[in-house]
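Here's the letter readout for the chains.
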Amino acid sequence: MVTSANSIVSSPSQDGSSAFIEGDIILGGLFMVHSSIDNDETCGHLQQQMGIQALEAMFYAVDLINENKTILPGFTLGVRALDDCNQDAIALEQSVEFIRGRLYDPGGELCSGGEGGQSRTAGATQDSDTPAPNTPVGVAGVVGAASSMTSIQVANLLKLFKIPQCQLNCLLSPSQDGSSAFIEGDIILGGLFMVHSSIDNDETCGHLQQQMGIQALEAMFYAVDLINENKTILPGFTLGVRALDDCNQDAIALEQSVEFIRGRLYDPGGELCSGGEGGQSRTAGATQDSDTPAPNTPVGVAGVVGAASSMTSIQVANLLKLFKIPQVSYWATSPDLSNKNRFPYFLRTVPSDHYQARAMIDIVQHFNWSYISIVHENSNYGIQGTKELTKLARKYGICIGVTAMFEREGISGNGSSYDEIMTELWLKRKARAVIIWGSEKDASGIFSAASRIKGAAEHFVWIGSDFWSGRQLATIGNEAVIEGAITVQPLAETIPEFDDYFTSLKPSTNGRNPWFHKYWAEHFNCVWTPPTNNENDVRMCNGSEQISASSGYYQDPLIQFIVDAVLAFAHALKAMHTEYCGSGFRGLCNKMKERDVGSLLRFLKNVSFQGGTGEPFTFTKELDGPVRYKILNFQRTGPDKYGYVPVGSYVSEHLELNLDLIRYRSSVNHSAFPDSMCGTPCNVGEVKYMLDDQCCWLCMPCERFEYLQDEKTCDECPVGFVPNLTRDGCNEVPVTYLRPDSEGAISAVALSSLGELATIFVALVFTQYKNTPVVKASGRELSGILLMGIFLCYLLTYLLLAPPSVVSCAVQQFSVGVAFSTCYAALLVKTNRVYRIFTSGKSTTKRPSFISPTSQILITAILIAIEVVLSASWLIALPAQAIKHYPSHSQALLVCNGFLNSTSLLSLAYPLILLILCTAYAFKTRKIPGHFNEAKCIGLTTYTSCVIWLAMVPIYVLTSANIELRIITLYFAISLSATVCLVCLFAPRVYVILFRPERNVRSSTSFVGSRGKGVKGQSKTGLNVPNNLSLNANSINANSSIINVDSKSSKSDDPDGPKEEML
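All figures in this text were calculated on a predicted structure; none of them were measured in a lab.

Quick word on the overall build of the chain
For the chain, the count of helices and strands is 25 helices and 34 strands. Classification of the 1063 residues of the chain by burial places 53% in the buried group. A fraction of 71% describes how many contacts in the chain between residues 6 or more apart in sequence connect residues 24 or more apart. Only carbon and sulfur atoms are counted for the fraction: they give 55% of the accessible area of the chain, which is about 46500 Å².

Laid out in structure tokens, this is it:
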């Protein structure tokens, strides 16, 4: 495959992006000349102090050193400074420029250790001390970077080339004693597997991992064998494998990945990817003269399958993208890896942990758990997974009681860190649902710690991530603790053909796997070499043992994703071969051999094929695997037998659980999962009062007129609204008004009805007996007006029955004063006439003016008209309205606006003035002749009316808080006033007319002296009267009251009554 330098490593441009000072020994420099831009691998603005000043400080120091000949005798320092923009990815990319100088060797050997293998000193060519254009510059050391984030990334790369510790450019190569697995092929795929476990805080390898290591590696071999056997997938060429062990350590994985890029950089023609004719890099697995790779020959890879964990995949992806090598991981699930700006050449066959977190939260919501705890491992996988869980839990109102992290120094099941975490979980034991986002080793450790705390072993419900879901290591010895656990695992099916393949392997025939002998010994608990201490109980391996279920073998549940990763590369190469070479061409055509190293990515993105289990596979737009998970439940399947049982799925972001299959613990009701909350559910209308940790709560009832704005907040309903039945909102109070069926309204209407009937009765009696002396003597005209006013007063009460509206309110506001004015205007005219007649009699015999019926009616009309004008003016100034009145939250009354304050009394002001004047005249006429009792009846009427209104006005003013009582009080007062007038003024006349008709005759009376004898010229009251002049009953005109008549009195010849004669 032909490659160019520019296609392999991005070199700093020569337009000012790198600073160079010539010297005999070159120091590299990394500075944040420009700032970083969040979430983007680009550079921001220029940094004057932290960038330019820092760079110039290095130049200043180098100048001082070179000027002082005593420091470096006879040679000088040079500088190659680059800008990392304070971005770890950019810093790693720039650092490759330093190692390119180490790798470049015009002698044709790459770090072989031979005499010709010395690297060129920076700044010198073979014939000159001046560097040739584009010649890579080797550095003795690097000054920088500025930040810890970038320094960590750079340090991981530079240590592989021993910069700055060693000036000899010796690459670390995997040892040839079995530390790499190799299958020959025309195109080589790299592989990274956690064949051995990691040892915390140490960059060395631990014990052999049978499932996640050996089985995973053999799954890649199995897939490659299938592809090579199927001639239709790769026509005329084969896949090869170069697999390495990363021990699940990011630093080791980065070191091993250098082996893949060395094959890209190696050029036996003496040029380093310069693009010349002889610049073809060696196809994996072939030398110049043979198809067998020479010893220690670097092998170029078309892509890398791996790594297993997110932590190692991120480190490897940062390096491989610099050389445009595609990478397909089979188990790395960190959400960070979906960022294609950071990891453009990274793909994976599993979905992102973002969806795994959503599946877990959906499970939590399904069981109505609102209080959980999270324990995660100290890695990108654990930290980012927990970040997603926390974000989703906050979104859906799920409280997290404990968030703990496994410390790296923890030792499986016995480390103090596990006990500390378990103690913390036990202190908040109400959070019974615990999510463990970590490896099976960490899960096993926390389960063992739970068994050491009394009561904790069977208290919690464990929710597991894919790293330990379905695996045996976490469950061995902890079955009783884990029972009932619910775990999430990417949806994968076992591959029966792989079982046949793996169980048929033998150490004698599996030479391509250098770790298989070790696996065999551990799996069958035997040794290949006899022990030196002659132990008799040690069993020797003979290689004839059979791998089977009875020997403890079972297929790792995630093998499918490794097979799919290899198939993805195969189908991408097939698509590339079809495009570059044509559908009928077999083997590798020149165009495919000379392809750009990054061109395979385009084909990988668009692959679509049947996966290892027959399911269709295609990458998502984020280049992740399809979102498919299965939900497992760890159950007791028999006496002392436990296992994972599939109970549901999470596909396309939709959770499905088979509740008939899911079980909790055999010691309790199988389906009765415990509650996981820090407080009992609150009843309707109760709010959660959160305690100090903001996870636990007490239920407190909201006030009477408050509703639940949310589960933690009560809010008061607006006036006129009351909480609904569920107390989650407010309903408007139905509007009411004074109903006729209320007790007050019934009483007022009953009184009014009786009064109206009585008024009609009196009017009929007066009409029937209109020509009798009593009716004539009472004044028919004014009596008719008075009866009309009384009837109007009674009629006003019926306005209580009408729903308040603009019309009804206007009628009330106008008619109340008019009705009263009609009554009291007529009564005032009558009392005034009596008063004037008797008063004028003291001083003169001249007849008073305006005492005729016509005058009396006219005066009464004028008095009533005044009230009409006042009421109309008030109605214009304060228009009547029917408005809502809220005596309380639970009441809404529709009332006329005049009743909401005391302005409704303004309409009674004028009638009350008339009443006061009537009372005054009644008081002054109290001493008129004893037989003339009209004044007494008027006085009784006015006095009683004053008492009624003196009682009503304070009651009306003080009942502002009870509008119904105010309205009823007003109408009772009106009806009582009308009743007083009816009873006191008309009852005596009706009595005489109906029951004492003998007294209903015309009569006259003489005024009697003090001793009972007639006093000539003087009455008892002091009136001046002529001798022998008798006062006719009608001499007071139509307005005089009933008098005690003498049967011998003279009668007038006037048919309408005697002529009006006044002394």
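After that view of the structure, there is still more to cover.
Regarding the state of the cysteines
Across all of its chains, the model carries nine disulfides by this definition. What pairs with Cys702 in a disulfide is Cys714, and their sulfur atoms sit 1.8 Å apart. The S-S bond linking Cys702 to Cys714 shows a torsion near -65°; that makes this disulfide left-handed. Of the two residues, Cys702 sits in the loop between strand E26 (697-701) and strand E27 (706-710) while Cys714 sits in strand E28 (residues 713-716), which places them twelve residues apart along the sequence.

A word on the sheet that holds strand E7 (residues 180-183)
Pairing between the strands of a sheet comes from backbone hydrogen bonds, and it takes one of two forms, parallel or antiparallel. Spatial strand order, E7-E11-E8-E12-E13-E14: six strands in an open sheet with mixed pairing. Because the sheet does not close on itself, it has two edges, and the strands there are E7 and strand E14 (346-348). The mean inter-strand angle of the sheet, taken between neighbouring strand axes irrespective of direction, is 20°. As paired strands, strand E8 (residues 187-193) and strand E11 (residues 239-245) are joined by seven bridges and run parallel to one another. Within E11, the position partnered with Ile188 by the bridge is Gly240. Seen against the sheet, helix H5 (residues 210-229) touches E7, E8, E11 and strand E12 (303-305) and runs at an angle of roughly 175° to E11. Together, E8, E12, strand E13 (327-329) and E14 form the strand contacts of helix H7 (residues 310-320), whose direction differs from that of E13 by roughly 170°.

Points about the side chain of Ser180
Take Ser180: it is sitting in strand E7. Those residues in contact with Ser180 that lie beyond four places of it in its chain are Arg242, Ala243, Leu244, Pro514 and Trp515.

Notes on the packing of helix H8 (residues 353-366) against helix H9 (residues 380-395)
In contact at an axis separation of 9 Å, H8 and H9 are set at 45° when each is read in the N-to-C sense. Classified by the interaxial angle, the pair formed by H8 and H9 is oblique. Both H8 and H9 take part in a crossing whose hand is right-handed. On H9, the residues that touch Asp353, His354, Ala357, Arg358, Met360 and Ile361 of H8 are Tyr381, Gly385, Glu388, Leu389, Leu392 and Ala393. Looking at the contact of H8 with H9, its residues break down into seven nonpolar, two polar and three charged.

Section: the side chain of Asp624
Structurally, the position occupied by Asp624 is in the loop between strand E21 (616-618) and strand E22 (628-638). Given a relative accessible area of 3%, Asp624 falls into the buried group. At 2.8 Å, the side chain of Asp624 and the side chain of Ser338 are in polar contact. Those residues within four positions of Asp624 in sequence are excluded, and the remaining contacts are Ser338, Arg348, Val350, Pro351, Ser352, Thr618 and Phe619.

What about the pairing of strand E15 (residues 371-376)?
Within E15, six of the six residues are buried, leaving the element largely enclosed by the surrounding structure. Residues Tyr371, Ser373 and Val375 point to one face of E15 and Ile372, Ile374 and His376 to the other, with burial holding for every one of them. When E15 meets strand E16 (residues 399-405), the two strands line up parallel, connected through five bridges. The partner of Tyr371 across the bridge, within E16, is Cys399.

Considerations on the environment of Ile559
By the element assignment, Ile559 lies in helix H15 (residues 559-581). When its relative accessible area of 0% is taken as the criterion, Ile559 is described as buried. Between the alpha carbons of Ile559 and Glu493 there is a distance of 8.4 Å; along the sequence they are 66 residues apart. Filtering out sequence-adjacent residues up to four positions away, Ile559 remains in contact with Gln215, Ala216, Ala219, Ile495 and Phe498.

Focus: the sheet that holds strand E5 (residues 77-83)
Pairing is mixed across the open sheet formed by four strands, whose spatial order is E1-E5-E2-E6. Only two strands of the sheet have a single neighbouring strand rather than two, namely strand E1 (18-21) and strand E6 (141-143). Each adjacent strand pair in this sheet contributes to an overall mean axis angle of 20°, direction not counted. Bridge analysis of E1 against E5 gives four bridges, and the strand direction is antiparallel. Paired with Ala19 across the strands is Ala81, a residue of E5. Helix H2 (residues 48-67) rests against E1, strand E2 (25-31), E5 and E6 of the sheet, and its axis sits at about 175° to E5.

Some remarks on the pairing of E22
Burial of E22 is extensive: nine of the eleven residues sit out of reach of the surface. Sheet analysis places strand E19 (residues 486-490) next to E22, joined by five bridges and oriented antiparallel. Opposite Thr487, over in E22, you have Leu632 as the bridge partner. With ten bridges connecting them, E22 and strand E23 (residues 641-651) associate as antiparallel partners. Looking at the pairing, Arg636 lines up with Tyr642 of E23. Between E22 and E23, which follow one another and run antiparallel, lie two residues, and Asp640 among them has a positive phi close to 60°.

Reading the values: the criteria
Residues numbered from 1 in each chain as written. Predicted model: local features only at pLDDT ≥ 70, side-chain atom pairs only at ≥ 80, totals over all residues. Heavy atoms only, no water. Helix = DSSP H or I, 4+ residues; strand = E, 2+ residues; numbered from the N terminus. Buried < 20%, exposed > 50% of the residue type's maximum accessible area, 1.4 Å probe, protein only. Contact = heavy atoms within 4.5 Å. Areas by Shrake-Rupley, 256 points an atom, 1.4 Å probe, with all protein chains shown as cover. Disulfide = S-S within 2.5 Å. Pairing = 2+ DSSP bridges. Axes fitted to C-alpha atoms, helices over the stretch in contact; angles between N-to-C directions. Parallel < 35°, antiparallel > 145°, perpendicular 65-115°, else oblique. Left-handed = near helix turned anticlockwise from the far one by under 90°. Nonpolar A, V, L, I, M, F, W, Y, C, P; charged D, E, K, R; others polar. Polar contact = N/O pair within 3.5 Å; in protein donor to acceptor, adjacent residues only side chain to side chain.

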